[in-house]
Amino acid sequence: MHIHAYEKLWLALSIVLILALIGTVTYGAVGPGVAMVADSQSTVDPGALDEDDRFSEPRVEQVGENEYEAYVVAYQFGFEPTPIVVPANSTVTLHITSRDVIHGFGVAGTSANAMAVPGEVSEITVETDEPTEYGIVCNEYCGAGHHVMEGKINVVSQSEFEDRGGDSE
Amino acid sequence: MSAAIESEPTFVDKFPDEARVVRAAFMSSFFALLLGAIFGIIQTLHRTDVARIIPSTDYYTVLTAHGVFMVISFTIFFLVGLFTWALTRSLDRPLLNIKITWTWYGLMAAGMTLTGISILAGFVDSIDMSADVLYTFYAPLQAHPLFYAGLTVFIVGTWIAGADWFRTFLAWRSEHPDERIPLQTFMVLTTMTMWYIASSAVAASVLLFLLPWSLGFIDQVNPTLTRTLFWFFGHPVVYFWLMPAYMLWYTVLPKIAGGRLFSDPLARVVFVLFVLLSTPVGIHHQYLDPGIAEGFKFISMTNTMFLLLPSLLTAFTVVASVEYGARQRGGTGLLGWLTNLPWRKPEFTGMMLAGLMFAAGGFSGMVNAGMNINYLIHNTLWVPGHFHLTVGTAVALTMMAGTYWIWPQISNKPIFSSQIGLFQVVLWFIGMALMSNAMHAQGLLGVPRRTAEPEYSGFDYPTMFGGFEELNIQIAIGGTLLFVSTILFLGNLALTMGNPTVSGLAEPLPSPVSGAEDAPKVLDNLRLWVGIALTLVVLAYALPIAAIINRGGLLGPGVGTYPVWVAPLFDALADAATPLLAAITDASGSLLEVVR
Amino acid sequence: MGQSEAVNAPTDDVGGEGEEFDPIGTLTLIGIYFAILVLAWVYIYFVEFLGRDLVVVG
Ligand code: HEM
Ligand SMILES: [Cu+2]
Ligand SMILES: [Cu+2]
């Protein structure tokens, strides 16, 4: 089969492009360590969240030096807890589920984003910087009140976090 | 009289019965386009807060209607019309039994009517029916059973259409045992092969889970499972929309440009690649879903990235064919030939602008496909920004432009006004440039898609690329231009129908520069490609689906739905995957052989 | 109808053999496209995505 030389060149360039795209994504995973939402958490009965250790009480808790875990429940039409208060310059692992339909959990203007699926738990770890406030939007259509569904993440200084008794333990 | 005898016959002269079906399919398609455009402008002005004529809770009824009418009815009705034309034309023989043809058309029309009624009933409070589930119908949001039933009938209609074309092809084959499959027929058959594979999953999802559930026969479903089955179908369906546009770019555009297709064999390779790769990629819509291992997501990404290849090849082949035409018309220079093209013809300019937007959409598609960068844009307005370039322009504008060329062939009526046509396609391009660009930009601000009121009480969006409000204005202006363009298109076509029939409109299609005889025979071996495609699908999906069922149960994560047969099956599949992998390596080896 | 393709009547085919056509314009255009793609990708990945707050690292 006859292929023009220019077209062969383009074919080669295309394959280089494809490999470079896959390469960039792989670099993102091993260099800066970007990890995907995956199947690390066990499933949960969405009708009985109050019986689940993780979600019976949506909260933020300290699990190590500068390490925090947040348990977030999405529902029609809001998030619990709200706001999610976490200390600055810390590592926060968010566990997100839904107690009814599929929702989204998008932190506006940042790279943090995950689906909230009933029965499953999304786990994402992020690092906070200086004190600031972020808006959370539900970015998956979840019913007639979808557009009012929002939340907040407040990143506060370490001292303010302690004053609030932010750690529920 | 003698003039009529001397002039070449058009499609309708030769195949009046088939031409009637094609026209009927196009009319259904354009009716859906009209409805879709009306809902499109309503939601554009609503979400940008320019004009809110409906309560925000009805926004989702509008959005469901826009999505379903645009990407299920408009595109697919056009496809079946175009494919009927292309198959009949390129085989140069009528369909086997026109009654069967009308049967599938009737089923599709009836199915879509039922689904449409279930959606539109959402506006009427006194009717206890609604289907505000958007065109993705993710459980556990539940629509009225009529919604699912209508979709099923519609899809069955498309299956019969495919069978109709395959049977006609086989009849041709027995009359022409040694000839190569004509290119357009090859495109029809490969596209339908892909469609059968893809739509089987959504049919299973609807018939096994969603329909029984909406009728109350089962209490719950596994949301991740039905979502995964949807995307098993949902990605290849984008290629189902795209293939009619590709067919027009490969077989009609070169002719309009005054040239010929650059390479028939490469066109075949491209369609084969779509059969192979368009299905085992659907998980790229679920990068941010819990319950699916990162490895499966990575495999899906790799397949997706390789799926860029046929489109990148198409870009070259199509532009080269156009360049060939320009040089035939006296074009010279490195880029000077661009001025020797028939830019005054709406069918030409429309398709070229559609292709240009597709190139831009290619970029945002790469971002969508890049597994981890998906965090940045997932479910933001970036995504509709992307697919209004692809399906919303590359496909939709090519279909409109193609109509200017094909309608005279199937009706013997000249287009009412080429000037209006030209204005209309350029207007679409400008409108989409504004709307889509601003949607991409808002997406980067974090503005979500699918929402009636994207402004929130608790926070403001950062100011970049002009800021939220300013971008809203651009979206609103762009959407308005698109709406006007649609109305001009439909009006032009309606006036065309009022034209008297004339003779002498025939536009025969030229043969390629490098013809079918240059294409390796194995390309026409559809059985082989189906085999490899199915293997790839099994490789990409068996384990994820088994894992999803194993985790959440066949019918969701509620109590008592953890069927014990799933765990052993899971292990068995893992064992089976190893030999399959070897088979695939072999197969890809022979594929390389072919390309070389 | 005369619309039938060369496949049906291969003898009509005037192209194919010894066609001297080098699509240099196409190569130029697509080369420009390639360059734009690469630059835009580098920008969106490294500046927009990795440069933002709250990158998911686990
Ligand atoms: C008249 C021109 C059009 C306008 C003004 C328009 C406007 C819009 C807008 C603003 C959205 C986003 C709504 C949201 O997410 O809240 C949207 C969504 C969408 N549009 Fe269009 N559009 C047009 C044409 C088309 C065409 C031609 C197609 C495809 C052939 C199309 C397919 C879609 C789809 C599939 C969605 C997503 C629906 C969903 O999220 O469920 N649109 N359109
Ligand atoms: Cu929501
Ligand atoms: Cu896709």
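Rules of the game
- Residues numbered from 1 in each chain as written.
- Chains lettered and ligands numbered in written order.
- Predicted model: local features only at pLDDT ≥ 70, side-chain atom pairs only at ≥ 80, totals over all residues.
- Heavy atoms only, no water.
- Helix = DSSP H or I, 4+ residues; strand = E, 2+ residues; numbered from the N terminus.
- Contact = heavy atoms within 4.5 Å.
- Buried area = accessible area lost by both parts, 1.4 Å probe.
- Salt bridge = Lys/Arg side-chain N within 4 Å of Asp/Glu carboxyl O.
- Polar contact = N/O pair within 3.5 Å; in protein donor to acceptor, adjacent residues only side chain to side chain.
- Nonpolar A, V, L, I, M, F, W, Y, C, P; charged D, E, K, R; others polar.
- Donors = N, O, S within 2.8 Å, 3.2 Å for Na, K, Ca; no water.
- Buried < 20%, exposed > 50% of the residue type's maximum accessible area, 1.4 Å probe, protein only.
- Near = heavy atom within 4 Å.

Engineer: Sorry if this is basic, but what is going on with unusual backbone geometry here?
Structural biologist: For residues besides glycine, phi is generally negative; the peptide bonds are generally trans as well. Note the cis peptide between Glu80 of chain A and Pro81 of chain A, where omega equals -5°. Mapped onto the elements, Pro81 of chain A comes out in the loop between strand E3 (78-80) and strand E4 (84-87). Going from Thr82 of chain A to Pro83 of chain A, the amide bond is cis rather than trans, its omega being -5°. Examined against the element boundaries, Pro83 of chain A turns out to sit in the loop between E3 and E4. Positive phi is not limited to glycine here, since Asp49 of chain B has a value of about 60°. Here Asp49 of chain B is to be found in the loop between helix H3 (16-47) and helix H4 (59-91).

Engineer: Whenever I open this one, the interface of chain C and chain B confuses me. Can you help?
Structural biologist: Reports of interface size often rely on the accessible area that becomes lost once the parts have come together. Taken together, the 34 residues of chain C in the interface contact 52 residues of chain B. Of the roughly 3,700 Å² buried at the junction of chain C and chain B (both faces included), carbon and sulfur atoms supply 66%. Viewed at the interface, chain B and chain C are joined by zero salt bridges. Run the count over chain C and chain B and you get six residue pairs in polar contact (both at pLDDT 80 or more). Here the side of chain C that touches chain B is built from residues that sort into 19 nonpolar, nine polar and six charged.

Engineer: Please explain the coordination of the copper ion (ligand 3) as it appears in this structure.
Structural biologist: The reference angle at a metal is 109.5 degrees if four donors form a tetrahedron and 90 or 180 degrees if six donors form an octahedron. All names here are of chain B. Protein coordination at the copper ion (ligand 3) comes from His235 (ND1), His284 (NE2) and His285 (NE2), with a distance range of 1.7 to 2.0 Å. In the primary sequence, the donor residues of the copper ion (ligand 3) line up as H-x48-H-H. Taken together, the residues span a long stretch of sequence, with His235 in helix H8 (residues 223-251) and His285 in the loop between helix H10 (264-277) and helix H11 (294-306) at a distance of 50 residues. The class of His235 is buried, set by a relative accessible area of 9%.

Engineer: Even after reading the chapter, I still don't get the site of ligand 1, so can you show me in this structure?
Structural biologist: Residues and elements named next belong to chain B. By nearness alone, 26 residues border ligand 1, and Arg47, Tyr59, His66, His388 and Arg450 come closest of all. Contact between ligand 1 and Arg449: an oxygen atom at 2.9 Å from a side-chain N or O atom of the residue. Residue contributions to the shell around ligand 1 peak at six residues, all from H4. When its residues are assigned to classes, the shell around ligand 1 shows 14 nonpolar, nine polar and three charged.

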